[in-house]
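Results of the structural survey
Listed below are the residues making up each chain.
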Amino acid sequence: MEQGFTEWVILEYCQIIRDIGRDNLILTSLPSGTTDQDIPRPLRELGLVWTTKEVNEYVDVSKSKLCLLDPRAETDLQPLDKESFDYFIFGGILGDHPPRDRTSELKKKLECETRRLGNLQMTTDTAVRTTKMILEGTPFEKIEFIDYPEIRFSKHEATEMPFRYVLDENKEPILPAGMLDLIKKDSEKTLDDFF
Ligand code: SAM
């Protein structure tokens with residue numbers, strides 16, 4: 001994963017824990033020497049499970065089947081993949097626009113099977129949400145998404161998010177709790193830097 005916990009990453013991981021449950025997320029590959037005190041409080045309070053080990057040290061790869069979610073994979077994830085894999089691995093990598101294929105670093109390390117979630121980059125929490133929906137039986141084609149939504153704060157202020165998001169029942173993109181405020185704060189900072 002990225003060095004350090006940015007505010008953005010903390011909000012995403014908190015949301016992932018809320019969405020899939022603390023027993024279903026393991027944050028691996030934290031820098032050696034990491035202690036509980038280095039884990040941001042919101043994540044500690046939600047019971048984040050973490051390790052400094054790499055995935056393939058933490059998981060017995062001779063007994064478990066791993067699947068890396070990779071935007072460059074040739075095969076899309078299908079509901080039946082639930083039967084084939086024990087662990088799904090996501091890069092704790094912030095999205096860059098355009099994507100720089102940093103997930104491939106994980107691919108080289110892990111040498112496991114890979115699956116794609118369509119051809120557009122998602123935020124990590126969206127990738128986890130989509131994977132859960134597919135493994136619970138909803139094929140990718142049936143999930144409603146929005147690509148590059150514009151987040152509008154006022155008549156004059158808006159930011160385009162260069163990712164694909166799942167839509168909620170009100171046809172709004174699902175973002176981690178607190179993310180709208182953070183995006184607004186960041187956009188105000190950028191404006192302050194400008195003036
Ligand atoms: N910019 C990174 C890259 O080019 O590889 C992707 C970062 S993405 C925000 C974080 C993680 O979400 C990826 O490492 C991958 O595991 C997962 N992910 C995002 N979009 C995906 C897609 N369309 N298909 C498969 N996995 C995806």
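Here we summarise the structure given alongside this text. The structure displayed is predicted, hence computed values, not measured ones. Throughout this description, residue numbers start from 1 for each chain and increase along the sequence as written. Under the rules for a predicted model, residues below a pLDDT of 70 receive no local features and side-chain atom pairs below 80 are neither given nor counted, while totals for whole chains, interfaces and linings still include all residues. The side-chain figures draw on all heavy atoms in the structure; neither hydrogens nor water molecules are used.

**Topic: the environment of Phe 90**
Just so we agree on the cut-off: Helix and strand definitions here come from DSSP, where helices need a minimum of 4 consecutive H or I residues and strands a minimum of 2 consecutive E residues; each element is numbered from the N-terminal end. For the exposure calls, accessible area comes from a 1.4 Å probe over protein chains only, and a residue counts as buried if that area is under 20% of its type's maximum, exposed if over 50%, partly exposed in between.
Along the polypeptide, Phe 90 turns up in the loop between strand E4 (87-89) and helix H5 (103-110). Judged by its relative accessible area of 23%, Phe 90 falls in the partly exposed class. For the pair formed by Phe 90 and Cys 67, sequence separation is 23 residues and the distance between their alpha carbons is 9.0 Å.

**Quick look at the packing of aromatic side chains**
Operational definition: Working definition: a ring pair exists when centres of Phe, Tyr or Trp rings (six-membered ring for Trp) sit within 6.5 Å. Plane angles under 30 degrees give stacked, over 60 give edge-to-face, the rest tilted.
Taken as a whole, this structure holds 3 aromatic pairs when the rule is applied. With centroids separated by 5.8 Å and ring planes inclined at 75°, the aromatic side chains of Phe 85 and Phe 88 adopt a geometry described as edge-to-face. What makes Phe 88 partly exposed here is its relative accessible area of 22%. The interplanar angle of 80° and the centroid separation of 6.4 Å between the aromatic rings of Phe 163 and Tyr 165 together place this pair among those described as edge-to-face. Neither residue differs from the other here; Phe 163 and Tyr 165 are each classed as buried.

**A few points about the site of the ligand**
Convention followed: Nearness here has a simple test: a residue counts as near a molecule or strand if at least one of its heavy atoms is within 4 Å of that partner. In the analysis that follows, any N or O atom pair within 3.5 Å is treated as a polar contact, provided that within protein one partner can donate a hydrogen and the other can accept it, and provided that, for residues neighboring in sequence, both atoms belong to side chains. The Shrake-Rupley method, run with a 1.4 Å probe, gives the accessible areas here. Residue values count only the displayed protein chains as cover. Each residue is assigned to one class: nonpolar for Ala, Val, Leu, Ile, Met, Phe, Trp, Tyr, Cys and Pro, charged for Asp, Glu, Lys and Arg, and polar for all the others, Gly among them.
Residues in contact with the ligand amount to 22 residues; listed here are only the nearest, Leu 69, Asp 96, Asp 101, Thr 103 and Gln 121. Gly 118 is positioned such that a nitrogen or oxygen atom in its backbone is 3.2 Å from a nitrogen atom of the ligand. Separating a nitrogen atom of the ligand from a side-chain N or O atom of Gln 121 is a distance of 2.7 Å. Considering the ligand on its own, with 570 Å² of exposed area, one finds that the protein chains cover 99% of that surface. Taken together, the residues of the shell around the ligand break down into 9 nonpolar, 6 polar and 7 charged.

**Considering the sheet that holds strand E5 (residues 113-115)**
The line we're drawing: In this description, strands pair whenever DSSP reports at least two bridges between them. In this analysis, axes come from line fits to C-alpha atoms, helices being fitted only over the stretch in contact, and the angle between any two N-to-C directions falls in the range 0 to 180 degrees. Whether two residues touch is decided by their heavy atoms; if any such pair falls within 4.5 Å, the residues are in contact.
Taken together, 3 strands build an open sheet; the order of strands is E4-E3-E5 and the sheet is parallel. Two strands close off the open sheet at either side, each with one partner strand: E4 and E5. This sheet shows a mean twist of 35° between the axes of neighbouring strands, independent of strand direction. Where strand E3 (residues 66-69) meets E4, 3 bridges bridge the pair, whose relative direction is parallel. What sits directly across from Cys 67, in E4, is Phe 88. Here H5 sits on the sheet in contact with E3, E4 and E5, set at roughly 160° to E3.

**Focus on the pattern of salt bridges**
Worth spelling out the cut-off: Think of a salt bridge as a Lys or Arg side-chain nitrogen and an Asp or Glu carboxyl oxygen that are within 4 Å of each other.
Tallied over the full model, the rule gives 16 salt bridges. In this structure, Asp 101 and Arg 72 form a salt bridge, with 3.6 Å as the shortest nitrogen-oxygen distance. On the criterion of sequence distance, the pair formed by Asp 101 in the loop between E4 and H5 and Arg 72 in the loop between E3 and helix H4 (81-84) is long-range, its members being 29 residues apart. On the basis of relative accessibility, which here comes to 25%, the residue Asp 101 falls in the partly exposed class. The class for Arg 72 is partly exposed, based on a relative accessible area of 47%. For Lys 132, the salt bridge goes to Glu 136, with nearest N and O atoms at 3.1 Å. Look at Glu 136 and you get exposed, because its relative accessible area is 58%. Via salt bridges that share partners, Lys 65, Asp 81, Glu 113 and Arg 115 belong to a single interconnected network.

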